[in-house]
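In case you want the letters, here they are:
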Amino acid sequence: MTYGATATFGTNAVDWEQRIDLDRLRDDRLARLREQLEVSELGAVLAFDFTNIRYMTATHIGTWAIDKLIRFALLVRGGEPVVWDFGSAARHHQLYDPWLDHPSDERNPSGARAGISTLRGAFNPDANIAEEVARKVRRELDLYGLAGEPVGVDVIEMPVLAALREAGVTVTDGQQVFLEARRIKTDTEISLLTQAAAMVDAAYDSLYSFLRPGVRENECVGLVSKSLYDMGSEFVEGVNAISGERCSPHPHVYSDRIIRPGDPAFFDILHSHMGYRTCYYRTFAVGSASPAQRDAYTRCREYMDRAIELVKPGATTADIVSVWPTAQEFGFPDEEAAFALQYGHGVGLSIWEKPIFSRLVSLDHPEVLEAGMVFALETYWPSADGVGAARIEEELVVTDDGCEVITKFPAEELLVAGQRYFTVGGQLPTLRDPQSHRNRPQV
């Protein structure tokens, strides 16, 4: 497979152009997971995490249940995926998910079945729900002669873990199998990640037009969320909206703060398009930009550009983080205290996948970059006035000979939003159209 320039298609299916091949997406993901299972020492992998279940089975029941550990799915060596789901959801899968049908396999005619875990302890422990989960898993292992082989699990509730062990199942860490499978993206996954980023490009344009003194951080979150849902986003996972003195230190959560003239403001937009996430920071100045904020942005951009220049197959995460500042250089006692400010992470069905870039771990445990990886790099720099800061994030695809940036909203220079008044040649301030960002100068 050759990884080159990414195309951005419309999100609809059409008969006159080859776009996203979802059958290929499902087949390729399952093939990668099977490959990792085969090279592991495991007899099967058991998933409770929604992203791993989706990668394995291509099933989805919405985002309301992502933190409840209620569904589970199993892939055994030599077998087909099985997912246990809410009764009505399982029935829906049987009707509409033909890739889970296995009529030629008498042991496993349907991969979609009714089943549920403990609802994070909400069920009465005496109802033996955990024991029923263990019984279902053990039955599949017995069918394939794998009862004596270890089962890798991603995340698990303590009662279910105890019940599996009581049923004679050897449980071990399976998350590495899933994350290794997901580390290199297929070309279909890259197309979906690019589409997801394109939707955020548009959301940032709407935000830039809206941002001005007097609006609140939470209003910005609402605007971005509506923009993305209107474009068909599956899930707006989060919008960081940070302004003014809240920029340093970075609190990682928005508030109802009123944005004032001269404020720095940075945002991180995380959403899901057909399961594929974004993590995408941009920084603005509102009304005007102080010299300290301009300097902070320039330095933040320089660290980003140095990192991007190094991204290519064969480079390592240690190479990248070595050009970033130490924690002490920007006011933190150690790398743990500054974690995730100069940072990088894989992006896929979740926002933090392999590889990870951080001076906390990457210098001692480097990971080699390969074509087909998709990850985000994030840089941060506080302003010298002690108030503001700059935050930039770019998502990249590693190509055969370098990389391509798929986050396209302008970030080479600091943009000033909401600037309706400015002087020209010493003349009095002139009122400009507040809705036209074309009339706003850039710093």
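For the structure itself, look to the data block above.
Quantities reported herein were computed from a predicted structural model and do not represent experimental measurements.

Criteria and cut-off values
- Residues numbered from 1 in each chain as written.
- Predicted model: local features only at pLDDT ≥ 70, side-chain atom pairs only at ≥ 80, totals over all residues.
- Heavy atoms only, no water.
- Helix = DSSP H or I, 4+ residues; strand = E, 2+ residues; numbered from the N terminus.
- Rg over C-alpha atoms; globule rule 2.2 N^0.38 Å.
- Buried < 20%, exposed > 50% of the residue type's maximum accessible area, 1.4 Å probe, protein only.
- Contact = heavy atoms within 4.5 Å.
- Areas by Shrake-Rupley, 256 points an atom, 1.4 Å probe, with all protein chains shown as cover.
- Pairing = 2+ DSSP bridges.
- Axes fitted to C-alpha atoms, helices over the stretch in contact; angles between N-to-C directions.
- Salt bridge = Lys/Arg side-chain N within 4 Å of Asp/Glu carboxyl O.
- Expected span 1.5 Å × (residues − 1).
- Arc of directions from axis to C-beta.
- 1 Å grid on protein atoms, 1.4 Å probe; cavity = no way out; pocket = protein on both sides within 12 Å on 5 of 7 lines; lining within 4 Å.
- Points joined across faces, edges and corners; volume = space filled by probe spheres on them.
- Nonpolar A, V, L, I, M, F, W, Y, C, P; charged D, E, K, R; others polar.
- Parallel < 35°, antiparallel > 145°, perpendicular 65-115°, else oblique.
- Left-handed = near helix turned anticlockwise from the far one by under 90°.

S.K.: Looking at this structure, I do not really get the overall build of the protein chain. What am I missing?
M.R.: Along the protein chain, the regular secondary structure elements total 10 helices and 18 strands. For a compact globule of 443 residues, the expected C-alpha radius of gyration is about 22 Å, and the protein chain comes in at 24 Å, within 12% of that figure. Within the protein chain, buried positions represent 54% of all 443 residues. Partitioning the intrachain contacts of the protein chain with sequence separation of at least 6 by distance along the chain shows that 67% fall at a separation of at least 24. Here the protein chain displays about 19,200 Å² of accessible surface, and carbon together with sulfur accounts for 51% of that area.

S.K.: Quick question: what am I supposed to make of the sheet that holds strand S1 (residues 44-47) here?
M.R.: As a general point, the strands of a sheet are linked pairwise by backbone hydrogen bonds and lie either parallel or antiparallel. With mixed pairing, six strands are arranged side by side in an open sheet as S4-S3-S2-S1-S5-S6. Both edges of this open sheet fall to strand S4 (112-114) and strand S6 (171-173), since each of them pairs with a single strand only. Direction aside, the axes of adjacent strands within the sheet are offset by 25° on average. Across three bridges, the pairing between strand S5 (residues 151-153) and S6 is parallel. When the sheet's bridge partners are listed, Gly 152 is paired in S6 with Thr 172. Across the face of the sheet, helix H3 (residues 87-96) comes into contact with strand S3 (82-85) and S4 while running at roughly 160° to S4.

S.K.: Just checking my understanding: could you explain the side chain of His 273 for this structure?
M.R.: In this structure, His 273 sits in strand S8 (residues 264-273). The buried category is assigned to His 273, whose relative accessible area is 5%. Once residues within four sequence positions are removed from consideration, His 273 is found in contact with Thr 11, Leu 192, Gln 195, Ala 196 and Met 199.

S.K.: I'm lost on the pattern of salt bridges in this one. Help?
M.R.: Opposite charge on two side chains makes pairing possible when the charged atoms of those side chains draw close. One pass over the full model with this rule turns up 29 salt bridges. Between Arg 301 and Glu 394 there is a salt bridge, with the nearest N and O atoms lying 3.1 Å from each other. With Arg 301 in helix H9 (residues 291-310) and Glu 394 in strand S14 (residues 389-398), this residue pair connects regions lying 93 residues apart in the sequence. Just as Arg 301 is buried, Glu 394 falls in that class too.

S.K.: Honestly, helix H8 (residues 217-230) in this entry has me stumped. Any pointers?
M.R.: Counting along an α-helix, one turn takes 3.6 residues, and residues three or four places apart therefore face a common direction. The terminal C-alpha atoms of H8 lie 20 Å apart, and with 14 residues this matches the ideal 20 Å at 1.5 Å per residue to within 8%. Taken together, the buried positions of H8 are occupied by Glu 217, Cys 220, Val 221, Val 224, Ser 225, Ser 227 and Leu 228. Axial view of H8: buried residues confined to an arc of 160°, hence all on one face. Across from the buried face of H8, at angles greater than 90 degrees, the exposed residues are Lys 226 and Asp 230. Contacts made by the buried residues of H8 are with helix H7 (187-210), strand S7 (235-243) and S8. Positioned one or two residues after H8, Gly 232 has a phi angle of 105°, which is positive.

S.K.: Would you explain the sheet that holds strand S11 (residues 343-346) in this entry?
M.R.: Read from one edge of the open sheet, five strands run S12-S11-S13-S14-S15, paired in antiparallel fashion. The outermost strands of the open sheet, each flanked by one partner alone, are strand S12 (353-357) and strand S15 (403-405). Pairs of neighbouring strands in the sheet enclose a mean axial angle of 25°, with direction left out of account. With four bridges connecting them, S11 and strand S13 (residues 374-382) associate as antiparallel partners. Residue pairing for S13: His 345 is matched across the bridge by Ala 376. Of the strands in this sheet, S13, S14 and S15 are in contact with H9, which crosses S14 at around 20°.

S.K.: Sorry if this is basic, but what is going on with the pairing of S1 here?
M.R.: Note on strand geometry: in a regular strand, side chains alternate between the two faces of the sheet. Side chains of S1 alternate between two faces, with Ala 44 and Leu 46 and Val 45 and Ala 47 buried alike. By the bridge criterion, three bridges tie S1 to S5 in an arrangement that is parallel. Looking at the pairing, Val 45 lines up with Gly 152 of S5. Sheet topology places S1 next to strand S2 (residues 72-76); four bridges connect them, and they run antiparallel. The residue bridging Ala 47 from the neighbouring strand is Ala 73, located in S2.

S.K.: It is not clear to me how the layout of surface pockets should be interpreted in this structure. Could you clarify?
M.R.: Here the idea is plain: a probe the size of a water molecule rolls over the atoms and shows the empty space left. Computed from the structure, the largest pocket encloses a volume of approximately 390 Å³. Around the largest pocket, the lining is made up of 25 residues, and of these Asp 49, Phe 50, Thr 51, Arg 277 and Leu 349 lie nearest the centre. Those elements giving two or more residues to the lining of the largest pocket turn out to be helix H2 (50-57) and helix H6 (175-183). The residue makeup of the lining of the largest pocket, split by class, is nine nonpolar, eight polar and eight charged.

S.K.: I keep staring at the packing of H7 against H8 and nothing clicks. Help me out?
M.R.: Packed helix pairs are characterised by how far apart their axes lie and by the angle those axes make with each other. Close contact between H7 and H8 brings their axes to 9 Å; oriented N to C, the two are set at 140°. The angle between H7 and H8 places the two elements in the oblique class. Two packed elements cross with a definite hand, and for H7 against H8 that hand is right-handed. Touching Met 199, Val 200, Ala 203, Ser 206, Leu 207 and Phe 210 of H7 are Glu 219, Cys 220, Leu 223, Val 224, Ser 227 and Leu 228, all from H8. The residue makeup of the contact of H7 with H8, split by class, is nine nonpolar, two polar and one charged.

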